[in-house]
Amino acid sequence: AICDRSVKAITTLDTDQPYMSVSIDCAFVGSPTDKILAVLDEYNVKATFFMTGGFVEEFPEQAKKIRDAGHEIACHSVSHPHLLERNLNSRFHQVRHASEIIREQLNVVPRLFRPPYGEFDSTVTAAARSEGMEICMWTIDSHDWDEAYTQDQIIRRVKRNVGPGTIILFHLDGFKTP
């Protein structure tokens, strides 16, 4: 696989319209799924859910609920490791096998890959592109993963920097995500 370094990771959407993207990383728990889907449905919002292969295998019913609600399914590795601490074969395996799990279990071909912890280099990008995916990062990290952040702080953090094309990072297992 070859990586064209001139093609950068996606960090914003190219639009001048007042649209933003809600993205939700799914890795370790499935229990908040119904609550988060209800909130998204209440406001008629479609999100992109970046799922690990482990999430899809461990919580197949939640993964299918997300898919069936019409949200975009994207890839987030098999087991959420620090990819840059892995050898080349492991990096490719984390991307390729997660994509295979999503295709086989959900009948979805993911178009986007979000590396765990936002850590990637040209080899991770090449692995994603070899599977037909582009790296998709975020513009704003909500910090919903940080226990010290209150709901109001998360809302202020997001609202302070939101604009056309903004990609906001949330987590299914975030402390205040719903």
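Below is a short write-up of the structure. (Residues numbered from 1 in each chain as written. Predicted model: local features only at pLDDT ≥ 70, side-chain atom pairs only at ≥ 80, totals over all residues. Heavy atoms only, no water.)

1. Some remarks on the overall build of the protein chain
Thinking step 1. Across its full length, the protein chain holds six helices and seven strands.
Thinking step 2. Listing the helices and strands of the protein chain from first to last along the sequence gives β-α-β-α-α-β-α-β-α-β-β-α-β.
Thinking step 3. If you line up the protein chain on its principal axes, its C-alpha atoms span 40 × 35 × 30 Å.
Thinking step 4. Across the 178 residues of the protein chain, 46% fall into the buried class. (Helix = DSSP H or I, 4+ residues; strand = E, 2+ residues; numbered from the N terminus. Buried < 20%, exposed > 50% of the residue type's maximum accessible area, 1.4 Å probe, protein only.)

2. Re the packing of aromatic side chains
Thinking step 1. What the rule picks out here adds up to one aromatic pair.
Thinking step 2. When the ring of Phe55 is compared with that of Phe59, the centres are 5.4 Å apart and the planes differ by 45°; the resulting orientation is tilted. Phe59 matches Phe55 in its accessibility class, with the two residues each being buried.
Thinking step 3. The ring centre of Phe50 lies 4.0 Å from the NZ or CZ of Arg114, which sits over that ring. (Phe/Tyr/Trp six-rings, centres within 6.5 Å; stacked < 30°, edge-to-face > 60°. Lys NZ or Arg CZ within 6 Å of the ring centre and 35° of its normal.)

3. As for the environment of Val124
Thinking step 1. On the secondary structure map, Val124 appears in helix α5 (residues 122-130).
Thinking step 2. In this structure Val124 comes out as buried when scored by relative accessible area, which is 1%.
Thinking step 3. Excluding its chain neighbours within four sequence positions, the residues that come into contact with Val124 are Leu83, Leu84, Arg91, Phe113, Pro115 and Ile135. (Contact = heavy atoms within 4.5 Å.)

4. Section: the environment of Pro81
Thinking step 1. Mapped onto the secondary structure, Pro81 falls in the loop between β3 (72-75) and α4 (88-106).
Thinking step 2. The spacing of Pro81 and Ser99 is 18 residues in sequence and 15 Å in space, taken between C-alpha atoms.
Thinking step 3. With sequence-adjacent residues up to four places away left out, Pro81 is seen in contact with Arg86, Gln94, Pro116 and Tyr117.

5. Brief notes about the pattern of salt bridges
Thinking step 1. Using the criterion set out here, one finds eight salt bridges in the structure.
Thinking step 2. Residues Asp68 and Arg67 are paired through a salt bridge, measuring 2.9 Å at the closest nitrogen-oxygen approach.
Thinking step 3. Residue Arg67 is classed as partly exposed on the basis of its relative accessible area of 26%.
Thinking step 4. Close ionic contact of Glu131 with Arg103 constitutes a salt bridge, the shortest N to O distance being 3.4 Å. A residue pair is termed long-range when its members are at least 10 positions apart, and Glu131 in the loop between α5 and β5 (134-135) and Arg103 in helix α4 qualify at 28 residues.
Thinking step 5. Each of the salt bridges in this network shares a partner with another, and the network as a whole consists of Arg96, Arg103 and Glu131. (Salt bridge = Lys/Arg side-chain N within 4 Å of Asp/Glu carboxyl O.)

6. So, the environment of Phe120
Thinking step 1. Tracing the sequence through the fold places Phe120 in the loop between β4 (112-113) and α5.
Thinking step 2. Each C-alpha atom of the pair Phe120 and Val29 lies 24 Å from the other, and the pair is 91 residues apart in sequence.

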